[in-house]
Amino acid sequence: MFTNRSRLSAGGVLAVSALLSGPARGEALHLAYEANWGGLHVADFTLSLDQRDGVYENRLRLETRGVTRYFSNFSMTAEGQGRIDAHPASHVAGHYRTEYVNAKHFRWLDIVFTPATLPAQSKTGTQPLPDRPDAWNPRDKGPETLDDVPEAERIGVLDPLALVSEMRLKVREHFAGGPSTWVLKGFDGRRRFDMTLAYLGPATRTIGERVRETYRVRVTPTPLAGFKKRHEEIWKSSPYDFYLSRDGAFVPLQIAPVNHGPVLTLTDICPTECELRDEETN
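Residues numbered from 1 in each chain as written. Predicted model: local features only at pLDDT ≥ 70, side-chain atom pairs only at ≥ 80, totals over all residues. Heavy atoms only, no water.

## Quick word on the overall build of the protein
Within the protein, the secondary structure is distributed over 4 helices and 14 strands. Taken as a whole, the protein presents about 14200 Å² of accessible surface, with 54% of it coming from carbon and sulfur. (Helix = DSSP H or I, 4+ residues; strand = E, 2+ residues; numbered from the N terminus. Areas by Shrake-Rupley, 256 points an atom, 1.4 Å probe, with all protein chains shown as cover.)

## Brief notes about the state of the cysteines
Counted according to the given criterion, the structure contains 1 disulfide. Cys-270 shares a disulfide with Cys-274; S-S distance 2.1 Å. Between Cys-270 and Cys-274, the S-S torsion sits near 110 degrees, and that sign places the bridge as right-handed. In this pair, the class of Cys-270 matches that of Cys-274, namely buried. (Disulfide = S-S within 2.5 Å. Buried < 20%, exposed > 50% of the residue type's maximum accessible area, 1.4 Å probe, protein only.)

## Overview of the packing of aromatic side chains
Within this structure, the stated rule accounts for 10 aromatic pairs. Measuring from ring centre to ring centre gives 5.4 Å for Phe-74 and Tyr-100, while their planes differ by 40 degrees; the resulting arrangement is tilted. With Phe-74 in the loop between helix H2 (66–72) and strand S5 (75–86) and Tyr-100 in strand S6 (residues 89–101), this residue pair connects regions lying 26 residues apart in the sequence. Between Phe-193 and Trp-235 the ring centres are 4.9 Å apart and the planes differ by 55 degrees, which places this aromatic pair in the tilted class. Of the two residues, Phe-193 is situated in strand S10 (residues 192–207) and Trp-235 in helix H4 (residues 229–236); the sequence distance between them amounts to 42 residues. (Phe/Tyr/Trp six-rings, centres within 6.5 Å; stacked < 30°, edge-to-face > 60°.)

## Looking at the pattern of salt bridges
By the definition in use, this model includes 22 salt bridges. In this structure, Arg-83 engages Asp-85 in a salt bridge whose closest nitrogen and oxygen atoms are separated by 2.8 Å. Judged by its relative accessible area of 26%, Asp-85 is partly exposed. Look at the salt bridges and you will find they share partners, linking Glu-34, Asp-44, Arg-65 and Arg-277 into a network. (Salt bridge = Lys/Arg side-chain N within 4 Å of Asp/Glu carboxyl O.)

## Some details on the environment of Asp-147
Mapped onto the secondary structure, Asp-147 falls in the loop between strand S8 (121–128) and helix H3 (160–174). In sequence terms Asp-147 and Arg-191 are 44 residues apart; their C-alpha atoms lie 9.8 Å from each other.

## Here we look at the confidence of the model for the protein
For the protein, the mean per-residue pLDDT works out to 87, and 88% of the residues sit at or above 70. Below pLDDT 50 for its whole length, residues 1–21 participates in 31 contacts with residues either more than four positions away or in separate chains. (pLDDT = per-residue confidence, 0-100. Contact = heavy atoms within 4.5 Å.)

## Remarks on the side chain of Asn-102
By the element assignment, Asn-102 lies in the loop between S6 and strand S7 (105–112). The buried category is assigned to Asn-102, whose relative accessible area is 18%. Only 2.8 Å separates the side chain of Asn-102 from the backbone nitrogen of Lys-104, close enough to count as a polar contact. A polar contact is formed between the side chain of Asn-102 and the backbone nitrogen of His-105, at a distance of 2.9 Å. (Polar contact = N/O pair within 3.5 Å; in protein donor to acceptor, adjacent residues only side chain to side chain.)

Here is the structure:
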């Protein structure tokens, strides 16, 4: 059941106010989501989007659940910081780090984006799990490598979490007279991709057994460099629709695949950073 502990603004006057003032005044969203694929609960994650005084800090925590956890034991954290320029309004990535554990090892990846006029630089490393040292392969540096992404393709790019913040900003700008389509440049430390965004208009959608009034945004990924062939084909066929709240806050209520993939549904809005639910309570 969807609960709302932070009481979002509602109504036309408040929505217009939020559109005009926007993230420049500062906002912090603390959200919790459930991922389901083919009717199975596969993961829970929390997302914090904090924008204050021209800077941003985004955080994500994810834990796999059920059968997915049994086979992969995958969990991750990610954090990104940067600034928000005013003219034109846009995110400028500064630093991004992700750490994750799977059935084989612990891995970290770190990206430095500054100065923005130079190519983003990333480093990665692994180490064995304390209880599974024999599963670790120190030569395993992941399915994709930075060497496959030209330096010119790593200039002016955003990390994966900043892309979510930037999308909300662009949709907000659309209602102030801006365009309805955009192309955002993404880089996750090993792979370079574009995200083409298209505002598709209002949509009434049942989310968590509740009818919601939303804005629908189609996000279509285009892999450009650093991808294995099979991953490239998956990305090419994996557009998603973001359903944002139609109350001026533009909260991502649900992220649903157009063709295949998990459905990500908002389960909670928290006054501070959300806690991951215990698997036993899911």
